[in-house]
Amino acid sequence: MKIVKYDLIVVGGRVAGSISSFYASKEGLKVLMIEKNPEIGTPVQCAGGVSDTFFKSMKINPSPKFTCTRIRGACIHAPSGASFLTRDPIITGYIVERKVFDKHLAILSAEQGTDIMLNTTAKDLIIKDGKITGVIAKKDGQRFDIRSEIVIAADGIQSKIARKAGLDTRFKVDEICSCAQSEMVGVNVKNDIMEFYLGNKIAPGGYFWIFPKGEERANIGVGIRRKECNMKSAQYYLKKFTSKLNATEIEFNIGAVPIGGPVKRTYTDGLLVVGDAAGQVDPLTGGGIHIAAECAKIAAETASDAIEEGRTDAEFLKVYEKRWYKKVGANIKRSLKYRKILNKLTDEDLNNLVESLKGKELNLDSKIPLFRLVKDYPNILKLLKEIL
Ligand SMILES: Cc1cc2nc3c(=O)[nH]c(=O)nc-3n(C[C@H](O)[C@H](O)[C@H](O)COP(=O)(O)OP(=O)(O)OC[C@H]3O[C@@H](n4cnc5c(N)ncnc54)[C@H](O)[C@@H]3O)c2cc1C
């Protein structure tokens, strides 16, 4: 380890952690990123869908080293079997190999000067006179007290670090989507289309996905909300679906996504919260990579400003929350409304909705066409008007 005192410690070494530490190092801060696992990017807890917006905004080349397929559209299936295809530009992107992608982000960060400690768990914060002055970490059974001006909590949905600073980052059970996913070979699927299956029987409170990875390989997964599913697990629904396919499983993973919108407060004296830890996820799709990255970049810039000004207090750091809300807040809010509508729809409503969209161009960025498209379905229209 080159230095024992850092400007910034980032807890968590995936998307939110690597992007925060990359930009903070780029700003000239001395940064340490701590990851509890022995390898960046494993175990995988993601389907790997990353939009073009991410690559453009982060100025990262979508290299074939980690991209599997180019995505040009999404097909939405109703319980009846009816489906519609959208090629809305906000959908285009890539399916990435998350293990390689996450490592690539960590490499970019290391190249900017970030120090990385693997197999290292942040156990607590060092708090002196009410001010956070670093992190107590454990590696190979040994305790390390590492000092810093600011800490970024990028430690995912089970974030404990922000809670140690007194922030309430817990999510209600109803605001968590439980997921199970199998990577399978022998899947007959188009290489440029993501498939989504809706239905209260097959995926209560969520949806099924098939994300193609090329050469008949795909990530097949399901996200459900526990409250809706009669105590059955996501794995139960996944096996029910995949057992009908003539395909072979080569990887299995489980995970959870916060889909209730952001936590109440994402900053306090000497600490910022980013990514899943802050609930910075699209509540409709469960996609968090692009949003986490945008917020992480803002967190890094805020940390840099704060250190330059010698102001790491909450009063100064609250600008982080203002900035990230301005960037992604409206999108999260809109998706949350759409998800609430979706949760109220019966399978019959879903069939009608998909029928109404069949063969039409759906612009996901605007709510006006949606009203027009569902005008013949009073039940859906009523729900839309209630919520929007
Ligand atoms: C099944 C599934 C499929 C998904 N598919 C997609 C998708 O296709 N597209 C998309 O955009 N999003 C998807 N998401 C969501 C996306 O994976 C997350 O939003 C995103 O990875 C969040 O990144 P993060 O860095 O905030 O958190 P995480 O990826 O959870 O990373 C947190 C890191 O912190 C580490 N950590 C935790 N505690 C400590 C500690 N005390 N000390 C040190 N390290 C610690 C963890 O080991 C972990 O590496 C999916 C999620 C799931 C569960």
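Remember, predicted model here, so these are calculated numbers, not experimental data.

1. Considerations on the pairing of strand E13 (residues 193-197)
Link 1 in the chain: Across the 5 residues of E13, 4 count as buried, placing the element largely inside the fold.
Link 2 in the chain: Here strand E5 (residues 73-77) runs beside E13; their pairing, made up of 5 bridges, is parallel. Note on E13: the bridge partner recorded for Cys-75 is Glu-195.
Link 3 in the chain: Sheet analysis places E13 next to strand E14 (residues 207-214), joined by 3 bridges and oriented antiparallel. Residue pairing in the sheet places Tyr-197 in a bridge with Phe-208 of E14.

2. Some details on the site of the ligand
Link 1 in the chain: The immediate surroundings of the ligand are formed by 34 residues, with Glu-35, Ala-47, Gly-49, Ala-122 and Asp-276 found nearest.
Link 2 in the chain: A distance of 2.9 Å is found between a nitrogen atom of the ligand and a backbone nitrogen or oxygen belonging to Ala-47.
Link 3 in the chain: Isolated, the ligand exposes 1,000 Å² of accessible area, and the fraction of that covered by the protein chains is 91%.
Link 4 in the chain: Put simply, the parts of the chain that give the shell around the ligand at least two residues each are helix H1 (15-26), strand E9 (120-128), E14 and strand E16 (248-258).
Link 5 in the chain: For the shell around the ligand, the per-class residue count stands at 14 nonpolar, 14 polar and 6 charged.
Link 6 in the chain: Both domain 1 (5-61 + 97-171 + 262-330) and domain 2 (69-94 + 173-258) contribute no fewer than three residues apiece to the shell around the ligand.

3. A closer look at the nonpolar core
Note on soluble globular proteins: their nonpolar side chains tend to be buried together.
Link 1 in the chain: With 47 residues, the main nonpolar core has Leu-8, Ile-19, Phe-54, Phe-55 and Phe-101 as its most contacted residues.
Link 2 in the chain: At 11 residues, the largest contribution of residues to this core is made by helix H6 (residues 289-309).
Link 3 in the chain: Once you skip the residues sitting within four places of it in the chain, Phe-101 turns out to touch Val-15, Val-50, Phe-54, Phe-55, Phe-66, Val-96 and Ile-289.
Link 4 in the chain: Ala-47, Ala-82, Phe-84 and Leu-345 belong to the second-largest nonpolar core, a separate cluster that totals 28 residues.

4. So, a positive patch on the surface
Link 1 in the chain: Where like charges cluster on the molecular surface, the positive patch consists of Lys-36, Lys-123, Lys-138, Lys-160, Arg-163 and Lys-164.
Link 2 in the chain: Locating Lys-138 in the fold gives a position in strand E10 (residues 131-139).
Link 3 in the chain: The partly exposed category is assigned to Lys-138, whose relative accessible area is 41%.

5. Section: the UniProt feature "binding site: FAD" (unreviewed entry) in the protein chain
Link 1 in the chain: UniProt records the feature "binding site: FAD" (unreviewed entry) for Ala-16, Glu-35, Cys-46, Ala-47, Gly-49, Arg-98, Ala-122, Asp-276, Gly-288 and Ile-289 in the present numbering. A maximum C-alpha distance of 28.9 Å among these annotated residues, which run over 274 residues, shows that they spread across the structure rather than meeting at one spot.
Link 2 in the chain: Along the chain, Ala-122 falls in strand E9.
Link 3 in the chain: Not counting chain neighbours up to four residues away, the residues in contact with Ala-122 comprise Val-11, Ile-34, Val-135, Ile-136, Ala-137 and Ile-161.

6. Concerning helix H5 (residues 234-242)
Link 1 in the chain: Those residues of H5 lying buried are Ala-234, Tyr-237, Leu-238, Phe-241 and Thr-242. Looking down the long axis of H5, one finds its buried residues gathered within 120° of arc, a one-sided arrangement.
Link 2 in the chain: Elements that come into contact with the buried residues of H5 comprise strand E12 (176-185), E13, E14, strand E15 (217-225) and E16.

7. Remarks on the sheet that holds E16
Link 1 in the chain: Pairing is mixed across the open sheet formed by 7 strands, whose spatial order is E6-E5-E13-E14-E15-E12-E16. The open sheet has two edge strands, strand E6 (83-86) and E16, and neither has a second partner. On average, adjacent strands in this sheet sit at an angle of 20° to one another, irrespective of strand direction.

8. What to know about the pattern of salt bridges
Link 1 in the chain: Taken as a whole, this structure holds 17 salt bridges when the rule is applied.
Link 2 in the chain: Across the salt bridge formed by Glu-97 and Arg-217, the nearest N and O atoms sit 3.5 Å from each other. Of this pair, Glu-97 sits in the loop between strand E7 (93-96) and helix H3 (98-112) while Arg-217 sits in strand E15; the two residues are 120 residues apart in sequence, bridging distant segments of the chain.
Link 3 in the chain: Overall, the relative accessible area of 17% leaves Glu-97 in the buried class.

Rules behind the numbers
Residues numbered from 1 in each chain as written. Predicted model: local features only at pLDDT ≥ 70, side-chain atom pairs only at ≥ 80, totals over all residues. Heavy atoms only, no water. Buried < 20%, exposed > 50% of the residue type's maximum accessible area, 1.4 Å probe, protein only. Helix = DSSP H or I, 4+ residues; strand = E, 2+ residues; numbered from the N terminus. Pairing = 2+ DSSP bridges. Near = heavy atom within 4 Å. Polar contact = N/O pair within 3.5 Å; in protein donor to acceptor, adjacent residues only side chain to side chain. Areas by Shrake-Rupley, 256 points an atom, 1.4 Å probe, with all protein chains shown as cover. Nonpolar A, V, L, I, M, F, W, Y, C, P; charged D, E, K, R; others polar. Domains from an automatic or database assignment. Core = buried A, V, L, I, M, F, W, Y, C linked by side-chain atoms within 4.5 Å. Contact = heavy atoms within 4.5 Å. Patch = residues over 30% accessible without salt bridge, like charges linked within 9 Å, V, L, I, M, F, W, Y side chains within 5 Å. Salt bridge = Lys/Arg side-chain N within 4 Å of Asp/Glu carboxyl O. Lys, Arg positive; Asp, Glu negative; His and termini not counted. Charge placed at Lys NZ, Arg CZ, Asp CG, Glu CD. UniProt positions renumbered as here; feature names shortened; annotations may be inferred. Arc of directions from axis to C-beta. Axes fitted to C-alpha atoms, helices over the stretch in contact; angles between N-to-C directions.

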